[in-house]
Amino acid sequence: MKFRVERDALAEAVTWAARALPTRPVIPVLGGLLLRAGEDGLTLSCFDYEVSARMRVPADVAEPGAALVPGRLLAEIIKSLPAQPADFADDPDGVSMICGEAAFTVATLPPAEYPDLPELPLLAGTADAALLAAAISQVTPAASRDDTLPMLTAVSLELTAGTMTLAATDRYRLAVRDLTWSPAPGFAGMAAESGKVALLVPARTLADAAKMMSQDVPVRIMLREGGGADGGDAMIGFEAGRRRLTTRLLAGAFIRYRSRFPDEFGCTADLPAEAFAEAVRRVSLVAERGSPVQLSFAPGRVTVGAATQGQARARETVPADFTGDEPDIAFSPHYLLDGVIAAAVAGPGPARADAYAPEGTRVRLRFTSASKPAVITHGSPGDAVGASEFRYLVVPQRVQP
């Protein structure tokens, strides 16, 4: 094996692929990155039987070949190299790397012990990268981080002939997002019996997949059914440009979440997304762990308040259009912020804690009483109840007297 590759392109590929490496590999070879040089350039890949990552980069290949090298060590080395082309070659002691005046030799891992990368034969369809990335970032914060209930650590992904629905919950909040996608002809057979295909995708891996989706490249969604001729597990894969990420699907059925959303509400508040989120963020600084922020509505405004007994208290007023006869409700500040930020995303692009939709964007909070779940949606004027593509149900907290 012998090839030359640009340092920046290599650093991007190694850094991205290394994120999929297991922190504590069951066997040492699973901590390796597989370098394969061929006619189509250099391919970097890894697989630990759960998640696989693969990325191609342009390279001048003089001698095709492959080598398995320690992934995290390679990532640290590449980050330290000068901004010059790097030359790789087989070496009696492993693989040699020369970049400018810097030279490294890294011992290789035994490739015979490395698992074959999974192949996903069925193209389910394609989706707009920006919309799918935004949907993932809106939904994944609601997934549970408690591994004792694996089903709740996943995102439910339902695929029908025209709609993709993502849903996640940790029992205290529930986020749901619908978006359109383009099914492939071969997908119709999988969905024929029930009209949809329901999958449980690990939320953490799905969030990593969103990071590889660039706005100008459609995302290809690929599937492998479990229990096939090769006896492999059911898997899903996302491919965008030169990057591919696959993950094993979780077994089981997701909760029947659609009936959790109320059909009617007694109270509705339309709020400026950014001003409201910043008020919640500031006021929650004085709330001790586990304490809620309280929302008190009055004509034309809402007062956000919180306190730590005997230490501090805070309140801030934000303009609000409110109708209803139950003016007070309280929430976990973290749960409330996640919902407001996600609902504020009006178009393509990921939702982030430091970014909102265009100035003037509003969110809508609906509830019936201080003890029943509330629903947060995008608050465009004229929206009907439940018309938003994104819905976020959150359970209120009681305020201690």
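In short, a report on the structure. Nothing here was measured: the structure is a model prediction, and the numbers come from that model. Each chain carries its own residue numbering, running from 1 in the direction its sequence is written. Local features in this predicted model are restricted to residues of pLDDT 70 or higher, and side-chain atom pairs are both shown and tallied only at a pLDDT of 80 or more, whereas totals for entire chains, interfaces and linings draw on every residue. Where side-chain values are given, they derive from all heavy atoms of the structure, hydrogens and water being excluded.

### Things to note about the pattern of salt bridges
For this document, the term salt bridge refers to a Lys or Arg side-chain nitrogen within 4 Å of an Asp or Glu carboxyl oxygen. Evaluated as defined, the whole model comprises 18 salt bridges. In this structure, glutamate 119 and arginine 54 form a salt bridge, with 3.9 Å as the shortest nitrogen-oxygen distance. Of the two residues, glutamate 119 sits in the loop between strand S9 (102-106) and strand S10 (122-127) while arginine 54 sits in strand S4 (residues 51-57), which places them 65 residues apart along the sequence. Each residue's exposure class comes from its accessible area (1.4 Å probe, protein chains only) as a fraction of the maximum for that residue type: buried when under 20%, exposed when over 50%, partly exposed otherwise. By relative accessible area, which is 21% here, arginine 54 ends up partly exposed. Several salt bridges share partner residues, and in doing so they unite Glu158, Lys196 and Arg258 into one network. Going along the chain from the N terminus, every DSSP run of H or I of four or more residues is numbered as a helix, and every run of E of two or more is numbered as a strand.

### Focus: the sheet that holds strand S2 (residues 32-38)
If you walk across this open sheet you meet the nine strands as S6-S2-S3-S4-S18-S17-S16-S10-S14, and the pairing is antiparallel. With one partner strand each, in any of the chains shown, strand S6 (65-70) and strand S14 (182-183) form the two edges of the open sheet. Pairing between strands is defined by DSSP: at least two bridges between the two strands are required. For strand S16 (residues 219-224) and strand S17 (residues 235-240), the ladder comprises five bridges, and the chain directions are antiparallel. Within the sheet, the bridge partner assigned to leucine 223 lies in S17 and is isoleucine 236. Against the sheet, helix H1 (residues 7-18) touches S2, strand S3 (41-47), S4 and strand S18 (243-248), its axis set at about 175 degrees to S4. By the convention used here, residues are in contact when the closest approach between their heavy atoms is within 4.5 Å. Where helices are involved, their axes are fitted lines through C-alpha atoms of the stretch in contact, as for all axes, and angles between N-to-C directions lie from 0 to 180°.

### Quick notes on the pairing of strand S27 (residues 390-394)
Burial analysis of S27 places five of its five residues in the buried class, which makes it a mostly covered element. Neither face of S27 is exposed, since Phe390, Tyr392 and Val394 on one face and Arg391 and Leu393 on the opposite face are all buried. Sheet analysis places strand S13 (residues 173-180) next to S27, joined by five bridges and oriented antiparallel. Considered in S27, the bridge of arginine 173 is made with valine 394. Bridge count for strand S26 (residues 374-378) against S27 is three bridges, and the pairing is antiparallel. Following the sheet pairing, valine 375 is matched in S27 by leucine 393.

### Let's talk about the pairing of S17
The element S17 is largely enclosed, with a buried count of six among its six residues. A two-sided burial pattern is seen for S17, the buried positions comprising Met235, Gly237 and Glu239 on one face and Ile236, Phe238 and Ala240 on the other. In this structure, S17 lies alongside S18, joined through six bridges in antiparallel fashion. Across the sheet, the residue bridging to alanine 240 is arginine 243, located in S18. The antiparallel hairpin formed by S17 and S18 contains two residues in its connecting segment, where glycine 241 sits at a positive phi of about 65 degrees.

### Topic: the environment of proline 115
Mapped onto the elements of the fold, proline 115 is located in the loop between S9 and S10. Residues proline 115 and alanine 279, 164 residues apart in the sequence, show an inter-C-alpha distance of 51 Å. Setting aside residues up to four positions removed in sequence, proline 115 forms contacts with Leu30, Phe47 and Tyr49.

### Observations concerning the packing of H1 against helix H2 (residues 71-80)
H2 packs onto H1 with a crossing angle of 150 degrees between their chain directions and a minimal axis gap of 9 Å. Between H1 and H2, the angle is such that the two are roughly antiparallel. Crossing handedness for the pair H1 and H2: left-handed. Contact residues: Arg7, Leu10, Ala11, Val14 and Ala18 in H1; Arg72, Leu74, Ala75, Ile78 and Lys79 in H2. Three classes are used: nonpolar for Ala, Val, Leu, Ile, Met, Phe, Trp, Tyr, Cys and Pro, charged for Asp, Glu, Lys and Arg, and polar for all others, with Gly counted as polar. Counted by class, the contact of H1 with H2 contains seven nonpolar, no polar and three charged residues. Comment on the angle field: the value is read as roughly parallel under 35 degrees, roughly antiparallel over 145, roughly perpendicular from 65 to 115, and oblique elsewhere. Handedness of a crossing is defined here by the sense of rotation of the near helix relative to the far one, left-handed for an anticlockwise turn of less than a right angle and right-handed for a clockwise turn.

### What about the sheet that holds S26?
Taken in spatial order, the nine strands make up an open sheet running S15-S11-S12-S13-S27-S26-S25-S19-S23, and their pairing is antiparallel. Across the chains shown, the open sheet's two edge strands, defined by having one partner strand only, are strand S15 (197-202) and strand S23 (321-323). Direction aside, the axes of adjacent strands within the sheet are offset by 15 degrees on average. Sheet strands in contact with helix H5 (residues 203-210) are strand S11 (154-159), strand S12 (163-169) and S15, and its direction is about 90 degrees off that of S15.

### With respect to the side chain of serine 52
As for its position among the elements, serine 52 is in strand S4. Given the relative accessible area of 4%, serine 52 is considered buried. Throughout this description, a polar contact denotes any pair of N or O atoms lying within 3.5 Å of each other; where both atoms belong to protein, one of them has to be capable of donating a hydrogen while the other can accept it, and for residues adjacent in sequence the pair is counted only when both atoms sit in side chains. A distance of 2.4 Å separates a polar atom in the side chain of serine 52 from a polar atom in the side chain of threonine 246. Apart from the residues within four sequence positions on either side, serine 52 is in contact with Cys46, Phe47, Leu117, Pro118, Arg244, Leu245 and Thr246.

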